[in-house]
Each structure stands twice: as structure tokens, then as C-alpha cells.
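Now for the letters of each chain:
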Amino acid sequence: MIRVLYFAWLRQRTGTGEEEVSPPAEVHDLGGLMRWLSGRSPGHASAFAAPAQVRMAVNQEFCGPDHPVKPGDEVAFFPPVTGG
Amino acid sequence: MDPTIRVQEAPFDLSAETAALSAGRVDVGGIASFLGLCRADDGLEALVLEHYPGMTERAIAGIVAKAGERWPLTGCTVIHRVGRILPGEGIVLVLAASRHRVAALEACAFLIDWLKTHAPFWKREEFAGGTERWVAAREEDAARTREWG
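Structural notes, computed from the coordinates. Note that this is a predicted model, so its numbers are computed, not measured.

**Remarks on the packing of helix α3 (residues 101-118) of chain B against helix α4 (residues 139-147) of chain B**
Working note: a packed helix pair is described by the angle between its axes plus the distance between those axes.
Residues and elements named next belong to chain B.
Right, on to step 1. Contact geometry of α3 with α4 gives a least axis separation of 9 Å together with a crossing angle of 130 degrees. Regarding the angle of α3 to α4, the classification is oblique. For α3 against α4, the interelement crossing comes out left-handed. Taken together, the residues of α4 that come into contact with α3 (itself represented by Asp113, Trp114, Lys116, Thr117 and His118) are Asp141, Ala142, Arg144 and Thr145.
Right, on to step 2. Each residue belonging to the contact of α3 with α4 can be placed in one class, and the counts come to two nonpolar, three polar and four charged.

Next up, the structure:
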């Protein structure tokens with residue numbers, strides 16, 4: 001199981017802040033996970049429709065789409081940050 | 001340096017936080033501050049700040065550690081509010097204390113530039129009439145952060 005968190009408009013579009021998923025073995029990096037998650041619902045497809053606008057983290061560290069993911073990871077998808 | 005890092009819904013007190021950085025010590029020569037406020041642009045009624053509990057605090061601690069490596073700070077405070085913030089209210093407070101002004105001023109500028117681009121917070125704007133909009137990240141902010149090297 002991979003714990004997936006969504007923030008800001010990704011949370012609104014997917015309709016959830018958090019879900020547990022078990023992707024197939026061929027999903028081995030963040031980019032692959034994003035493509036697989038897109039197929040879960042029209043909301044997910046909308047959330048990931050512009051991948052260049054999506055930032056990501058694995059186990060609370062910023063990562064790029066090539067970063068590997070494995071069962072037990074906490075993965076987060078969110079827009080570019082706008083604090084301060 | 002033992003930094004103060006807080007992510008909270010409640011307002012913060014600039015005077016009290018500033019005083020805390022020199023309380024009981026006589027080696028602090030200057031404290032630079034940045035206080036970020038909520039503006040009422042375009043009829044904005046409120047900002048709603050979201051964060052990633054856990055990662056946000058870790059990211060801020062990492063940014064403060066970077067500042068501590070570059071400048072000889074005697075203290076540092078970063079307080080960032082989340083939740084609903086009204087025009088005129090404080091959003092973020094950054095304080096950097098050092099023996100001399102240059103280190104304090106530069107570290108303060110570095111901290112807010114990095115916080116804007118590397119701490120997981122997201123702002124949603126609420127306007128009169130119920131419309132809302134997520135704030136978009138600005139390339140200008142990313143460029144400022146890159147200038148620090």
C-alpha cells in the first residue's frame with residue numbers, strides 16, 4: 001500500500017485529501033504513479049491533466065517524477081507552493 | 001542557535017517574539033524582521049492557508065538550518081499562520097538575530113525568499129460573492145530564491 005496525500009486544488013479535484021492505493025508492479029516511480037492515479041476517476045484525471053503544474057514529495061521530501069515509489073511510502077501531490 | 005518554528009492558526013505577537021530573541025542575553029546586536037500581511041486586493045475578503053502537517057515544519061527547519069550555516073545567527077523565529085486570515089492580519093513572521101546588522105538583514109531576506117518557494121503552504125483567496133481562487137506561484141519569487149545560490 002502507498003499512502004497518497006493531495007493538497008490545494010489537487011485535493012479539491014480528486015475529492016479526497018488522502019487515500020491508500022496498491023498500484024500494479026509496473027508503477028515504480030512518481031511519474032508512473034501519477035499516470036496510474038489519473039485513471040481512478042474523472043476527478044483524478046482532472047487533477048493530473050497538467051502534470052507540469054504538479055509538484056510532489058515522497059516521505060515528506062520534495063522529489064521529481066523520476067523518484068522511485070514503493071509500498072509503505074507516503075506520497076504527496078500538490079501545486080507549486082504559495083506561502084509567505 | 002535554538003530556532004523557534006511554529007505553524008499555527010492563532011495570530012502572533014511581533015513585539016513579544018522580538019523581545020524573546022534578546023531576553024536574558026547581551027550578545028545580540030540586531031534583530032531583523034519580516035512581517036507578511038494579508039492585502040485586500042480586488043475585493044479579497046479572506047485568505048485561506050493550507051499546509052502539509054509534518055512536511056511543512058520539516059521544510060522550515062531545513063531552511064532555517066541553511067540560514068544558520070550562512071550567517072552567524074544568535075537566534076531565529078519563523079511563525080507561519082494557516083487557516084482563514086483576514087485583510088490586515090499577519091500571515092508570516094520571520095525574525096533573524098545576530099551580533100551585527102548585515103547578517104541579521106541578509107538572513108531575514110534569505111529566509112522569507114526560501115519560505116515562499118520551498119515551504120509547503122498554499123493560499124486560496126476568497127472574494128465577496130463567494131468566488132474563490134488558488135494563488136499561483138510567481139516566477140519572480142523562484143528567481144529571487146535562485147539568486148541566493
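**Regarding the packing of helix α2 (residues 55-70) of chain B against α3(B)**
Residue and element names in this part refer to chain B.
Right, on to step 1. Contact geometry of α2 with α3 gives a least axis separation of 10 Å together with a crossing angle of 150 degrees. Between α2 and α3, the interaxial angle falls into the category roughly antiparallel. In this structure, α2 crosses over α3, and the sense of that crossing is right-handed. For the pair α2 and α3, the contacting residues are Ala59, Ile60, Ile63, Val64, Lys66, Ala67 and Arg70 in the first and Phe110, Leu111, Trp114, Leu115 and His118 in the second.

**A look at α3(B)**
Residue and element names in this part refer to chain B.
Right, on to step 1. Helix length check: α3 (18 residues) gives 25 Å between terminal C-alpha atoms against 26 Å at 1.5 Å per residue, within 8%.
Right, on to step 2. Restricting attention to buried positions, one finds in α3 the residues Ala103, Ala104, Ala107, Cys108, Phe110, Leu111, Ile112, Asp113, Trp114 and Leu115.
Right, on to step 3. On its buried face, α3 sits against β2 (30-37), α2, β4 (73-81), β6 (90-98) and α4.

**Looking at the interface of chain B and chain A**
Right, on to step 1. If you look at the interface, chain B gives 25 residues, while chain A gives 20 residues.
Right, on to step 2. For the chain B and chain A pair, buried surface summed over both sides reaches about 1,900 Å², with 57% attributable to carbon and sulfur atoms.
Right, on to step 3. Three residues, B:Tyr52, B:Met55 and B:Trp122, lead the burial of chain B against chain A; their summed loss comes to 35% of the area buried on that side.
Right, on to step 4. Counting the contacts that link chain B with chain A gives two salt bridges.
Right, on to step 5. Its salt-bridge partner being B:Glu50, residue A:Arg11 comes within 2.5 Å of it at the nearest N-O pair.
Right, on to step 6. Linking chain B to chain A there are 13 residue pairs in polar contact (both at pLDDT 80 or more).
Right, on to step 7. Looking at the side of chain B that touches chain A, the elements with two or more residues in it are β3 (44-51), α2, β6, α3, β7 (121-127) and β8 (132-134) of chain B.

**A short note on the pairing of strand β5 (residues 74-78) of chain A**
Residues and elements named next belong to chain A.
Right, on to step 1. Counting buried residues in β5 gives five out of five residues, a clear majority hidden from the surface.
Right, on to step 2. Burial along β5 is two-sided: the face carrying Glu74, Ala76 and Phe78 and the face carrying Val75 and Phe77 are both buried.
Right, on to step 3. When strand β1 (residues 2-6) meets β5, the two strands line up parallel, connected through four bridges. By the bridge assignment, Tyr6 is partnered in β5 with Phe77.
Right, on to step 4. Bridging between strand β3 (residues 55-58) and β5 involves four bridges; their strand directions are antiparallel. The partner of Arg55 across the bridge, within β5, is Phe78.

**Overview of the environment of B:Leu115**
Residues and elements named next belong to chain B.
Right, on to step 1. For Leu115, the position within the fold is in helix α3.
Right, on to step 2. When the C-alpha positions of Leu115 and Thr145 are compared, they lie 9.2 Å apart, and in sequence the two are 30 residues distant.
Right, on to step 3. Once residues lying within four places of it in the same chain are set aside, the contact partners of Leu115 are Ile60, Ile63, Val78, Val92 and Val94.

**Digging into the sheet that holds β6(B)**
All names here are of chain B.
Right, on to step 1. Read across the open sheet, the four strands follow the order β1-β4-β6-β2; overall the sheet is mixed. The open sheet has two free edges, formed respectively by β1 (4-8) and β2, since each of these has just one partner strand. Neighbour to neighbour, the strand axes of the sheet diverge by 5 degrees on average, direction disregarded.
Right, on to step 2. In this structure, β2 lies alongside β6, joined through eight bridges in antiparallel fashion. Opposite Leu35, over in β6, you have Leu93 as the bridge partner.
Right, on to step 3. Packing of α2 onto the sheet brings it into contact with β1 and β4, and relative to β1 it is tilted by some 150 degrees.
Right, on to step 4. Packed on one face of the sheet, α3 meets β2, β4 and β6 and runs near 145 degrees to β6.

Thresholds applied
- Residues numbered from 1 in each chain as written.
- Chains lettered and ligands numbered in written order.
- Predicted model: local features only at pLDDT ≥ 70, side-chain atom pairs only at ≥ 80, totals over all residues.
- Heavy atoms only, no water.
- Axes fitted to C-alpha atoms, helices over the stretch in contact; angles between N-to-C directions.
- Helix = DSSP H or I, 4+ residues; strand = E, 2+ residues; numbered from the N terminus.
- Parallel < 35°, antiparallel > 145°, perpendicular 65-115°, else oblique.
- Left-handed = near helix turned anticlockwise from the far one by under 90°.
- Contact = heavy atoms within 4.5 Å.
- Nonpolar A, V, L, I, M, F, W, Y, C, P; charged D, E, K, R; others polar.
- Expected span 1.5 Å × (residues − 1).
- Buried < 20%, exposed > 50% of the residue type's maximum accessible area, 1.4 Å probe, protein only.
- Buried area = accessible area lost by both parts, 1.4 Å probe.
- Salt bridge = Lys/Arg side-chain N within 4 Å of Asp/Glu carboxyl O.
- Polar contact = N/O pair within 3.5 Å; in protein donor to acceptor, adjacent residues only side chain to side chain.
- Pairing = 2+ DSSP bridges.

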